[in-house]
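Given next are the chains, with one letter for each unit.
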Amino acid sequence: MSAPTIDATASASARPASELVLPPIKWHAPIAYATVAALGLVVFGLLAPTGEHSTFAISTPRDFIQFTPFSVPSKLTAIILCLAALALAGVSFYETRRREKAGAWLPITYGFLMVFAFLVWAVAGKDSGLPLTGLLQGSLFLAIPLVFGALAGLLCERSGIINIAIEGQLLGGAFLAAVVATLTGSAYAGLIAAPVAGALVGLLLVLFSIKYVVNQIIVGVVLNVLVIGVTSYLFSTVLKENPDTWNNPPGLPVISIPVLSQIPIIGPVLFRQTALVYIMYVVVIVLQIMVFRSRWGLRLRSVGEHPKAADTVGIKVNRTRLRATVLGGAVAGLGGAFFTVAAGLAFGKEMTNGKGYIALAAMILGRWSPKGALAAALLFGFANNLQLQLSIIQTPIPSQIMLMTPYIVTIFAVAGLVGRVRPPAAEGIPYTK
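Residues numbered from 1 in each chain as written. Predicted model: local features only at pLDDT ≥ 70, side-chain atom pairs only at ≥ 80, totals over all residues. Heavy atoms only, no water.

Focus on the overall build of the protein
If you tally the helices and strands in the protein, you get 18 helices and five strands. Taken over the C-alpha atoms alone, the protein extends approximately 90 × 65 × 40 Å along its principal axes. A burial count over the protein gives 47% of its 433 residues as buried. Put simply, 76% of the contacts in the protein that link residues at least 6 apart link residues at least 24 apart. Approximately 21200 Å² of the protein is accessible, and the part contributed by carbon and sulfur atoms is 69%. Once the 29 positive and 15 negative side-chain charges of the protein are each reduced to a mean point, those two points are 8 Å apart. (Helix = DSSP H or I, 4+ residues; strand = E, 2+ residues; numbered from the N terminus. Buried < 20%, exposed > 50% of the residue type's maximum accessible area, 1.4 Å probe, protein only. Contact = heavy atoms within 4.5 Å. Areas by Shrake-Rupley, 256 points an atom, 1.4 Å probe, with all protein chains shown as cover. Lys, Arg positive; Asp, Glu negative; His and termini not counted. Charge placed at Lys NZ, Arg CZ, Asp CG, Glu CD.)

See the structure below:
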């Protein structure tokens, strides 16, 4: 090294920390918080009619303890909630200015305040009110296929395989669950059969991706079309011709956990559900631990981030990807049982209605983690159920606006508003030794 280079390096290392160039501060999140809260203050509070009340019910007819529905002044409550949200936006500005992160409590609290302000405004003057417990209970139920689909995508993409075929895996699981449950007369038999269909689709995906090195996105789209075509053909030629024999599945019974199901609000929402919901709890917890706290999870993530390094230390990259993709397909197939045996419905053509693609968005919004995927799927389920509840009480809000909300949030998340979202480095890249 020459003398001038040594002198330049020494002077740079001796430079005071105060003179070091720091990266620019990103103001996207605090500006978004402040803008949404200000708009909410104007629309939900200042422009709302005076003298109206919003009624909410927190008990269900099956609760042991019955609570009287409560009412709040619509305009005043919305103003207070939006001002509190503006205060949190100020906290976000302060923390951002100090280059610190406030933590997950801030967006969660902010979202709760703004959602409740919207609900207060939406149900103002409605005598029937809004059942909060039913809203949350239905949101969790509608999120089931999204949670399983997002977990399936997570398992595949953490290993390096892009799974666009979640839609086909959900549909295949719904079809096989309905047929097996009808033939055996047992909804639980259909629940067991559903993962088989999803695993078969996952096996096709990984075989074409690894053995024949086909573009994984194209394979996923083709498999979706294939499953739609096969199930539609069988529905028209077999199931529709003799529905009592092939397409009349019994539904899963609602299981109430003693004591826990009687807790106000939380009990009916979490502990008065079908077996599929309880299975979902277990799967999310197990995968959260296995992916990030186990040797298996370390191997899984290594082949998705740096397959060559994983191969160097003796990890079978393609075998790991195959197992993870088949397991992911089985998880998605289990979620497909929601559409038939969990809901007590007969199979219908394309009845998944694009839920597999929504599950992919939930996976991205959840940053490829099981608990994040659960939270994102609950957001989608809440928006879906909320538009149903608001249409029942006949609010003037178009249902399409409510359905747009989670997609807008997802776009902002992917764009980096809530932090950098980075997929596994080697996803979609075939590995050849």
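Quick look at a positive patch on the surface
A surface patch of like charges, here positive, comprises Arg-295, Arg-299, Lys-316, Arg-319 and Arg-323. Only helix H13 (295-305) and helix H15 (317-336) provide two or more residues apiece to the positive patch. Take Arg-323: it is sitting in helix H15. Take Arg-323: its relative accessible area is 56%, and that puts it in the exposed class. (Patch = residues over 30% accessible without salt bridge, like charges linked within 9 Å, V, L, I, M, F, W, Y side chains within 5 Å. Salt bridge = Lys/Arg side-chain N within 4 Å of Asp/Glu carboxyl O.)

Some points on a nonpolar patch on the surface
Together, Val-42, Val-43, Leu-46, Leu-47 and Trp-121 make up an exposed nonpolar region whose accessible area comes to about 440 Å². The element that contributes the greatest number of residues to the nonpolar patch is helix H2 (residues 28-46), accounting for three residues. By the secondary structure assignment, Trp-121 is in helix H4 (residues 105-122).

A few points about helix H16 (residues 355-365)
Among the eleven residues that make up H16, nine are buried, leaving the element largely enclosed by the rest of the structure. Along H16, the residues classified as buried are Lys-355, Gly-356, Ile-358, Ala-359, Leu-360, Ala-361, Ala-362, Met-363 and Leu-365. Of the residues trailing H16, Arg-367 is marked for its positive phi of about 60°.

Thoughts on the side chain of Thr-352
You can see Thr-352 is positioned in the loop between H15 and H16. Judged by its relative accessible area of 1%, Thr-352 falls in the buried class. Within the structure, Thr-352 has its side chain in polar contact with the side chain of Glu-167 (distance 2.6 Å). Setting aside residues up to four positions removed in sequence, Thr-352 forms contacts with Glu-167, Leu-170, Leu-171 and Phe-339. (Polar contact = N/O pair within 3.5 Å; in protein donor to acceptor, adjacent residues only side chain to side chain.)

Details of the environment of Ala-87
Along the chain, Ala-87 falls in helix H3 (residues 74-97). A sequence separation of 341 residues divides Ala-87 from Gly-428, and the C-alpha atoms of the two residues are 43 Å apart.

With respect to the sheet that holds strand E1 (residues 53-57)
Spatial strand order, E2-E1-E3: three strands in an open sheet with mixed pairing. Each edge of the open sheet is held by one strand with a lone partner, namely strand E2 (70-73) and strand E3 (130-131). With two bridges joining them, E1 and E3 adopt parallel strand pairing. What sits directly across from Ala-57, in E3, is Pro-131. Against the sheet, H3 contacts E1 and E2, and its axis sits at roughly 75° relative to E2. (Pairing = 2+ DSSP bridges. Axes fitted to C-alpha atoms, helices over the stretch in contact; angles between N-to-C directions.)

Details of the environment of Pro-107
Considering the arrangement of structural elements, one finds Pro-107 in helix H4. For the pair formed by Pro-107 and Asn-242, sequence separation is 135 residues and the distance between their alpha carbons is 52 Å.

Quick word on H15
With 20 residues, H15 extends 29 Å from end C-alpha to end C-alpha; this agrees with the ideal 28 Å at 1.5 Å per step. In terms of residue burial, H15 counts as a mostly covered element, since 14 of its 20 residues are buried. (Expected span 1.5 Å × (residues − 1).)

What to know about the nonpolar core
In this structure, Phe-148, Leu-276, Met-280 and Phe-347 are the most contacted members of the largest nonpolar core, which totals 68 residues. Elements supplying a minimum of two residues to this core: helix H6 (144-158), helix H7 (166-184), helix H8 (187-210), helix H9 (216-239), helix H12 (275-293), H15, H16 and helix H17 (370-392). Among the elements that take part in this core, H6 stands out by supplying ten residues, more than any other. Excluding anything up to four places from it in sequence, Met-280 contacts Leu-140, Ile-144, Val-147 and Phe-148. (Core = buried A, V, L, I, M, F, W, Y, C linked by side-chain atoms within 4.5 Å.)

So, the side chain of Gln-389
Topologically, Gln-389 is positioned in helix H17. Using a relative accessible area of 14% as the deciding quantity, one classes Gln-389 as buried. Non-local contacts of Gln-389, meaning those with residues more than four positions away in its chain, are made with Leu-130, Pro-131, Gly-134 and Leu-135.

What to know about the pattern of salt bridges
One side chain can pair with another of opposite charge once the charged atoms of both are near each other. Here the structure, examined in full by the defined rule, presents two salt bridges. Salt-bridge contacts for Arg-98 lead to Glu-100; the nearest nitrogen and oxygen are separated by 3.2 Å. According to the relative accessible area criterion, Arg-98 is partly exposed, its value standing at 42%. On the basis of relative accessibility, which here comes to 39%, the residue Glu-100 falls in the partly exposed class. Note that Glu-305 and Arg-422 form a salt bridge whose closest N and O atoms lie 3.3 Å from each other. With Glu-305 in helix H13 and Arg-422 in the segment after helix H18 (399-414), the pair connects residues that are 117 residues apart, well separated along the chain. Glu-305 gets classed as partly exposed once you look at its relative accessible area, which sits at 28%.

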